[in-house]
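Listed here are the chains, written in short residue letters.
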Amino acid sequence: MLHVALANIKTYARRYIAVILAVAIGTAFLAATLAVNTSTRATLKNSLGDTYKNADLVAFQDWELAPDDPDFKYTELGLKQVQQIRELPQISTAYGTAFVSGELRTADDGYGVMLQPVSAEQNLGGMELLEGRAPLNSNEIILDDEHAQKMLVSVGDTVGLTGADSATRDVKVVGIQRTSTDPMLSGYALVGMQESAWEKSAGESAQFQNIVIDARDSVPAAQQALAAYLAEHRMIDVSVMTADEKVINDVAMLTDGTDQLTIVLLVFALVALVVTGLVVVNTFNVVIAQRTRELALLRTLGAKRQQIRSSVLIEALVIGVVASLLGVALAVALMAGLIQLVHVMVPSMSYATLALNTTGLVVPVVVGILMTVIAASLPARRAMKLAPLAALRPFDAASVKNRAGKLRIVFGILLTLAGGGLLAWGAIAGSLPIAFGGGLLSFPGILMLASLFVPASVFGIGKLVAGRSVAGKLAALNAVRNPGRTTATATALLIGVTLVSMIMVGGQTAKASLNNSIAGEYPVDLTVSLYERAVNEAKTQDLARELGSLDGIEETSTFLAGSVETKGGDNEGGFSLMGVDPQTFSKVVLDQNIVPEDGQIIRFNTGGEEQPKKLTVGGRELDVKVSSASLFQDLVTKDTLESLKTGDAADEYAGVLIKVAPDLSNSEITALVEQIADVANVESYMVSGGVVENAMFSQVIDVLLAIVSALLAVAVLIALIGVANTLSLSVLERTRENSLLRALGLKKKQLRAMLAQEAVLIGGVAALLGLVLGVVYGLLGAHATLSAIGEMSYEIPWLQLALVLVVSIVAALLASVTPGRRAAKLSPVQGLATE
Amino acid sequence: MTSETLPLTEYAVSARGLTKSYGHDSTRVEALRTVDVAFARSRFTAIMGPSGSGKSTLMHCLAGLDTADAGEIIIGGRDLMTLNDDELTMMRREQIGFVFQSFNLVPTINAKDNILLPLSLAGKSHDREWFNTVIDALGLRDRLSHKPHELSGGQQQRVAVARALLTRPEVVFGDEPTGNLDSRTGAEVLSLMRTSTREMGQTIIMVTHDPAAASYADTVLLMKDGSIVGQLENPTVATVTEALASLAE
Ligand SMILES: Nc1ncnc2c1ncn2[C@@H]1O[C@H](COP(=O)(O)OP(=O)(O)OP(=O)(O)O)[C@@H](O)[C@H]1O
Ligand SMILES: [Mg+2]
């Protein structure tokens, strides 16, 4: 049967293009996921290795070797140890690497830096001089080139350097070294200084993470000498590794996160593969339906059932092999391109490498082939069951009744009920794992039941939309002509759309709910705290007025914060109060209930405990009003605060409270905060408040949503290829019928429109059903995750969901273009002549 | 013949200088060689000839299903050769009816919808009285709600005839409309077609191989090698068989 299979593939090559494309994309996703993992590791190894590039051995204090003894004194590796190691005859050079922070002052600005001892005789601490020379005395330093450029510092300049000992002295920059690509170092400006000078600057923290060692002759000999040295000094918690071992060790520590990323990506790859599988099932179903006569003829001529089946499976195998190889090649090309792009766009990341391993290449190919063959085995079984008589069937029945397997329906109902129950329970109990399990069970359950509701919805909506148009009615009929085919095509799309809309709804609800809980913690939108300034009421008022004139700011008010003494009650001692001007405060405050009156204190975070009606603070008895909001400081009026005996005057500070315009976008808020910080001349972290935190959360959620949507888009893309595929195969099948319609007076345009309507119906209804499911899952999931945090606020991102629908519909329209054009090109006579 | 000697209005369909060839160079086949032909209104004409003589090609060209290489085809006073695809489509919808040998019906819709299809495509409502006349004449009344696969071959052909007659087109074309039917059912369909010319004044042009079928026609045109080579009026099975035999020589 091999030659039959191969001949079939050759004859029907065009029919397989789409399915090959779909499988290739699915496989490429998987291969790219694995390549991301291996490449990240290789890249990290490349960059982490920079520190030990020219070294043989690395010695370091290793927590894992330390005994489980609270009295154990950990070894401290300092200059003394480095010098002792240098004296070993088997060692050529040794230097320590440390993280000691300091500050470097240029004429214009100050910068945080890392201080590192370097010695010209000892490999210059692993640094590579690009310019100048090594520091020769305690007043000379070298600096890395990237940061030197940023600081506008060059060789010969004098700068101020403050060490960990807080002493500042002027030093001269005598050399520039290459910036390390080690991600643990490259973020910092790296200052190299003479060892003795470093020891002084570092003070108490003059210890090393690692001692990097070069052997004089043989590495094993040096290793032995080191072991002896460590034993002699009882440094049992110090490890010595070769540089390679150490890099692998470090990479393992850093890549915990990458592995998680890989797992997440793998989940998405799995979704893409499931969708691909559906497209494969469908393609083979259609192809086999079209070949019924041919296959039945083979049976009549004496082909055994088994032979028919293997012929189909061989076809699937060939397609699987071709598509998977194509997919892996696509993934490799994509990754190589991306890394090339990184090299071009970010020259400093020249260490980024494409790394592939056998597993990463073989697994996707195997998975791709298996998936194709397994998916094709269902249609193959159906082909096998064909009776020889089918070859003589006189008339193509108008619509094929595929009875959904009873078993599948029963199973689907059980899964849906069980999963739905779990999901509801998880949502009510606020337990994400339970809800997640429920989703995991119910979604496949619903998909199993898809044949019960998808064709019916497609037909119902199709008839509704068609109105009196004949082409529309025919389109609706054609769309459900083969319910099994329609269901599989729609399900593939439904999966992607459900997941996309689920995370959209979940994300939006999360944003809204977080917004809620954040709003409860802040009395106003924004607070500008002037911690470092002496309190000056007039200047603060001026600042408030100035800020009030900014675009996006509606109202401002000022406050005064100070600490007061209290006696009695649950918080004896000092506590912090915020004094506000009730008149202007009431204009900026979000909750009018917390505007204090003179002689009144508004208390927060009381934990629901009964509070005394009166509280004596700062020598005065105040009326207590309890609020359920959760602010940091209790509130009084400014006048009240001034009448109280306050504590340390240094604790007092003033500030401005701001109400921003209600409909600012996240980026506008970020920009506004920068602007406020600028006007008030404070660091931007001193401008805080609900809207800032909210903007931050929203941005994080938005980024996550964008990433996840992009990943799921692959599955949606594959499903849309499936829609195009099903449609073009169906059109082939209906050539004669379409020609008949043309002969009877259907215009070319109407024929194309009819096919477009059919595609849009399947795509649109699948998307619509997916949206409904996605909204339900999204809301339940968000409830399960977030209801513990506080009051939920359910929000549905209508616009985004509408966009998903529009994209699906437009894509389905596009999918109908090629089949439609092909159908319309055929003259009625040609079409009627075809068998 | 010139147009002065051939007043177009007497004819439902007329064609002049119709030429069509397939393939090129060595595989070139001249399916129609400058055919001049005219079909009088309200008559039932059969086209006969050996296999490959160009009968179907002629019919497809006349019906605007296929385009000839050269010549003119006049139906309802318009030259089909000058029309674009949409205009041709409108012509087929309104002026031309078809009955094919097989696969005449759209399988997804029932007999009634199939019969009404050209009208619904044109967005027109049907003449109820005429519909009833046609349906009763064809004996389809209790088959209207059946899907095509629930109908016998003869019933399917009758539905196709009903569809062709319902629009009262200028001309109905049939390419071996009874080719797939047994002789009794075939005879039924053919006498229906004859009745419709006699009683309803319908012009019908039919391609057939069967002398018995041709004997239902008023006129038989004989074709050979892409040309019309003869004509028989009031044919009988005997005269038709004789004429065909002489063609084969
Ligand atoms: N699509 C085509 N491509 C090439 N040649 C064609 C095509 N259609 C018809 N022909 C050729 O044109 C000539 C006329 O064909 P046509 O189908 O009109 O014959 P016919 O008289 O209808 O024959 P039959 O009685 O067998 O149906 C034949 O020689 C045929 O081979
Ligand atoms: Mg023919």
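The model shown is predicted, which means the values in this text are computed figures rather than measured ones. (Residues numbered from 1 in each chain as written. Chains lettered and ligands numbered in written order. Predicted model: local features only at pLDDT ≥ 70, side-chain atom pairs only at ≥ 80, totals over all residues. Heavy atoms only, no water.)

Student: Which residues make up the overall build of chain B, and what values do they have?
Tutor: Secondary structure summary: chain B contains 8 helices and 10 strands in total. Over its C-alpha trace chain B gives a radius of gyration of 18 Å, about what one expects of a compact globule, namely 18 Å for 249 residues. The C-alpha extent of chain B, read off along each of the three principal axes, is 50 × 40 × 40 Å. Out of the 249 residues in chain B, the part that is buried amounts to 53%. In chain B, the share of contacts with a sequence separation of at least 24, taken over all contacts with a separation of at least 6, comes to 67%. Accessible area for chain B stands at about 10,600 Å²; split by element, carbon and sulfur atoms hold 46% of it. (Helix = DSSP H or I, 4+ residues; strand = E, 2+ residues; numbered from the N terminus. Rg over C-alpha atoms; globule rule 2.2 N^0.38 Å. Buried < 20%, exposed > 50% of the residue type's maximum accessible area, 1.4 Å probe, protein only. Contact = heavy atoms within 4.5 Å. Areas by Shrake-Rupley, 256 points an atom, 1.4 Å probe, with all protein chains shown as cover.)

Student: Let's hear about the pattern of salt bridges: which residues, and what values?
Tutor: All names here are of chain B. Taken as a whole and assessed by the stated rule, the structure comprises 21 salt bridges over all chains. In this structure, the salt-bridge partner of glutamate 188 is arginine 158, at a minimum N-O distance of 3.8 Å. Remark: arginine 158 occurs in helix 5 (residues 153–166) and glutamate 188 occurs in helix 6 (residues 183–200); sequence separation between them is 30 residues. (Salt bridge = Lys/Arg side-chain N within 4 Å of Asp/Glu carboxyl O.)

Student: Quick one: what's the story with the layout of surface pockets, residue by residue and with numbers?
Tutor: Residue and element names in this part refer to chain A. The calculated volume of the second largest pocket comes to roughly 1,000 Å³. What lines the second largest pocket is a set of 42 residues, and nearest its centre among them are Tyr52, Thr97, Gln209, Asn210 and Lys246. Only strand 1 (57–61), strand 2 (91–97) and helix 7 (243–254) provide two or more residues apiece to the lining of the second largest pocket. In terms of residue count, the dominant contributor to the lining of the second largest pocket is helix 7 (5 residues). Here the residues of the lining of the second largest pocket are counted per class, giving 17 nonpolar, 15 polar and 10 charged. For the lining of the second largest pocket, the domains that each give at least three residues are domain 1 (1–58 + 237–395) and domain 2 (59–216). (1 Å grid on protein atoms, 1.4 Å probe; cavity = no way out; pocket = protein on both sides within 12 Å on 5 of 7 lines; lining within 4 Å. Points joined across faces, edges and corners; volume = space filled by probe spheres on them. Nonpolar A, V, L, I, M, F, W, Y, C, P; charged D, E, K, R; others polar. Domains from an automatic or database assignment.)

Student: Go over a negative patch on the surface with me, naming the residues and quoting the values.
Tutor: A cluster of acidic residues, A:Glu554, A:Glu555, A:Asp663 and A:Glu668, forms a negative patch on the protein surface. According to the relative accessible area criterion, A:Glu668 is partly exposed, its value standing at 42%. (Patch = residues over 30% accessible without salt bridge, like charges linked within 9 Å, V, L, I, M, F, W, Y side chains within 5 Å. Lys, Arg positive; Asp, Glu negative; His and termini not counted. Charge placed at Lys NZ, Arg CZ, Asp CG, Glu CD.)

Student: Give me the lowdown on the site of ligand 1, citing residues and values where you can.
Tutor: Residues and elements named next belong to chain B. Looking at ligand 1, the residues that line it are Tyr22, Val29, Ala31, Pro50, Ser51, Gly52, Ser53, Gly54, Lys55, Ser56, Thr57 and His209. Within the contact set of ligand 1, an oxygen atom lies 2.5 Å away from a side-chain nitrogen or oxygen of serine 51. Interatomic distance of 2.7 Å between a side-chain N/O atom of lysine 55 and an oxygen atom of ligand 1. For ligand 1, whose accessible area on its own is 630 Å², the fraction buried by protein is 59%. Of all the secondary-structure elements, those providing two or more residues to the shell around ligand 1 are strand 2 (29–40) and helix 1 (55–62). Here the shell around ligand 1 takes 3 residues from helix 1, the largest share from any one element. In terms of residue class, the shell around ligand 1 is made up of 4 nonpolar, 7 polar and 1 charged. (Near = heavy atom within 4 Å. Polar contact = N/O pair within 3.5 Å; in protein donor to acceptor, adjacent residues only side chain to side chain.)

Student: Summarise the environment of A:Thr51; cite the residues concerned and give the values.
Tutor: Within the secondary structure, A:Thr51 sits in the loop between helix 2 (13–48) and strand 1. By relative accessible area, which is 15% here, A:Thr51 ends up buried.

Student: Provide a residue-level description of a positive patch on the surface, including the pertinent values.
Tutor: Residue and element names in this part refer to chain A. A grouping of Arg14, Lys749, Arg752, Arg821, Arg822 and Lys825 is seen on the molecular surface, where their side chains present a positively charged patch. Elements supplying a minimum of two residues to the positive patch: helix 23 (748–786) and helix 25 (817–825). Residue contributions to the positive patch peak at 3 residues, all from helix 25. Its place among the elements puts lysine 749 in helix 23.

Student: Explain the sheet that holds strand 8 (residues 204–207) of chain B to me, using residue names and the numbers behind them.
Tutor: All names here are of chain B. In space, the 6 strands of this open sheet follow the order 6-7-8-3-9-10, with mixed pairing throughout. Bordering the open sheet on either side are strand 6 (96–99) and strand 10 (227–233), each of which pairs with just one other strand. Between one strand axis and the next, the sheet turns by 20° as a mean value, whatever way the strands run. Alignment of strand 6 against strand 7 (residues 171–175), held across 4 bridges, turns out to be parallel. (Pairing = 2+ DSSP bridges. Axes fitted to C-alpha atoms, helices over the stretch in contact; angles between N-to-C directions.)

Student: Tell me what's going on with unusual backbone geometry, and back it up with residues and numbers.
Tutor: All names here are of chain B. Phi at aspartate 225 is positive, roughly 45°, even though this residue is not glycine. Not every positive phi belongs to a glycine, and asparagine 234 is a case in point at roughly 40°. We classify asparagine 234 as exposed; its relative accessible area is 60%.

Student: Lay out helix 16 (residues 483–519) of chain A in plain terms, naming residues and giving numbers.
Tutor: End to end, helix 16 of chain A covers 51 Å across 37 residues, agreeing with the expected 54 Å (1.5 Å per residue, within 8%). Of all 37 residues making up helix 16 of chain A, 30 are buried, and the element is well covered by its neighbours. (Expected span 1.5 Å × (residues − 1).)

Student: Provide a residue-level description of the UniProt feature "domain: ABC transporter" (unreviewed entry) in chain B, including the pertinent values.
Tutor: Here, UniProt's "domain: ABC transporter" (unreviewed entry) annotation points to residues 13–248 of chain B. A distance of 28 Å separates the end C-alpha atoms of residues 13–248 of chain B, which is 38% helix and 26% strand. (UniProt positions renumbered as here; feature names shortened; annotations may be inferred.)

Student: Tell me about the interface of chain B and chain A, residues and numbers included.
Tutor: The interface is formed by 27 residues belonging to chain B together with 24 residues belonging to chain A. Across the chain B/chain A interface, buried area totals approximately 2,500 Å², and carbon plus sulfur atoms make up 70% of it. When the buried surface of chain B facing chain A is broken down by residue, B:Phe103, B:Thr108 and B:Leu121 rank first, second and third, together holding 26% of it. On the surface where chain B and chain A come into contact, there are 1 salt bridge. The interface formed by chain B and chain A includes 6 residue pairs in polar contact (both at pLDDT 80 or more). For the side of chain B that touches chain A, the secondary-structure elements that each account for two or more residues are helix 2 (85–95), helix 3 (111–121) and helix 5 of chain B. The greatest single-element share of the side of chain B that touches chain A, amounting to 6 residues, is contributed by helix 2 of chain B. Residue composition of the side of chain B that touches chain A, by class: 13 nonpolar, 8 polar and 6 charged. (Buried area = accessible area lost by both parts, 1.4 Å probe.)

Student: I'd like a rundown of the domain arrangement of chain A, residues and numbers included.
Tutor: Interfaces are often sized by the amount of accessible area the parts lose when they come together. Residues and elements named next belong to chain A. Domain boundaries in chain A define domain 1 (1–58 + 237–395), domain 2 (59–216), domain 3 (407–448), domain 4 (452–522 + 689–835) and domain 5 (523–686). The gap between the C-alpha centroids of domain 1 and domain 4 is 26 Å. The partner domain 4 presents 24 residues to the 24 residues of domain 1 that form the contact. With both sides pooled, the region where domain 1 packs onto domain 4 buries about 2,000 Å², and carbon together with sulfur makes up 78% of that total. Its largest share of buried area at the contact with domain 4, domain 1 owes to Phe268, Val275 and Asn282, together 25% of the area lost on that side. If you look at where domain 1 meets domain 4, you find 0 salt bridges. At the boundary of domain 1 with domain 4, the tally comes to 1 residue pair in polar contact (both at pLDDT 80 or more).

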